[in-house]
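Inside the fold
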Amino acid sequence: MRTLLLIAGILLSALGYFAFHSTKDPLLLQGGLTLGGGFVICAVFAVKAKWHGIAGAGILAFLGLLRTLPGATSREPFMMAAGAICLVVLFAVIRVLRAERLRRSIEKLKAGDA
């Protein structure tokens, strides 16, 4: 999961950089670096506090997806790519959190603490 967050952060930062050079819009650079940097920070934070970093990345992915929806509906390719990356991260975070919840439930049942 940390690898996915790190790759997503680097991809979003690079996407912002290429969007800036393509459109000369500094807001795309700022958005890409902010969102990408946030994912990198969550990946680094997940080294010591795994679930805090993953949950933070899930919230960041949700907010990033909401932020890119208006651009994706107008068919802007950079916004669509950023939204797709955020959607992949969001689904991965949901999958990991659900698997952990299931693991804890099974562990609790095996211990007899139902």
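Provided above is the structure to which this section pertains.
Residues numbered from 1 in each chain as written. Predicted model: local features only at pLDDT ≥ 70, side-chain atom pairs only at ≥ 80, totals over all residues. Heavy atoms only, no water.

1. Comments concerning the pattern of salt bridges
Applying the stated criterion to the full structure yields 3 salt bridges. For Arg103, the salt bridge identified is with Glu100, shortest N-O distance 2.6 Å. With Arg103 and Glu100 both in helix 4 (residues 77–111), this residue pair falls 3 residues apart, about one helical turn. The class for Glu100 is buried, based on a relative accessible area of 12%. Note that Arg104 and Glu100 form a salt bridge whose closest N and O atoms lie 2.8 Å from each other. One end of the pair is Arg104 and the other is Glu100, both in helix 4 and 4 residues apart, which spans about a single turn. Connected via shared salt-bridge partners are Glu100, Arg103, Arg104 and Glu107. (Salt bridge = Lys/Arg side-chain N within 4 Å of Asp/Glu carboxyl O. Helix = DSSP H or I, 4+ residues; strand = E, 2+ residues; numbered from the N terminus. Buried < 20%, exposed > 50% of the residue type's maximum accessible area, 1.4 Å probe, protein only.)

2. Remarks on unusual backbone geometry
One non-glycine residue, Lys24, adopts positive backbone phi at about 60°. Classification of Lys24 by relative accessible area gives exposed; the value is 57%. In this structure, Arg75 is a non-glycine residue whose phi angle is positive, near 65°. Within the secondary structure layout, Arg75 lies in the loop between helix 3 (50–73) and helix 4. The exposed category is assigned to Arg75, whose relative accessible area is 65%.

3. Here's the deal with the environment of Ala81
With respect to the helices, strands and loops of the structure, Ala81 is situated in helix 4. Through-space distance from the C-alpha of Ala81 to that of Trp51 is 26 Å; in sequence the pair is 30 residues apart.

4. Brief notes about the nonpolar core
Counting 19 residues, the largest nonpolar core has Leu5, Leu12, Phe39, Ala57 and Val89 as its most contacted members. Of all the elements in the fold, those that place two or more residues in this core are helix 1 (2–23), helix 2 (26–48), helix 3 and helix 4. With 7 residues, helix 4 is the single largest residue contributor to this core. Non-local contacts of Leu12, meaning those with residues more than four positions away in its chain, are made with Gly32, Leu35, Gly36, Phe39, Ala82 and Ile85. (Core = buried A, V, L, I, M, F, W, Y, C linked by side-chain atoms within 4.5 Å. Contact = heavy atoms within 4.5 Å.)

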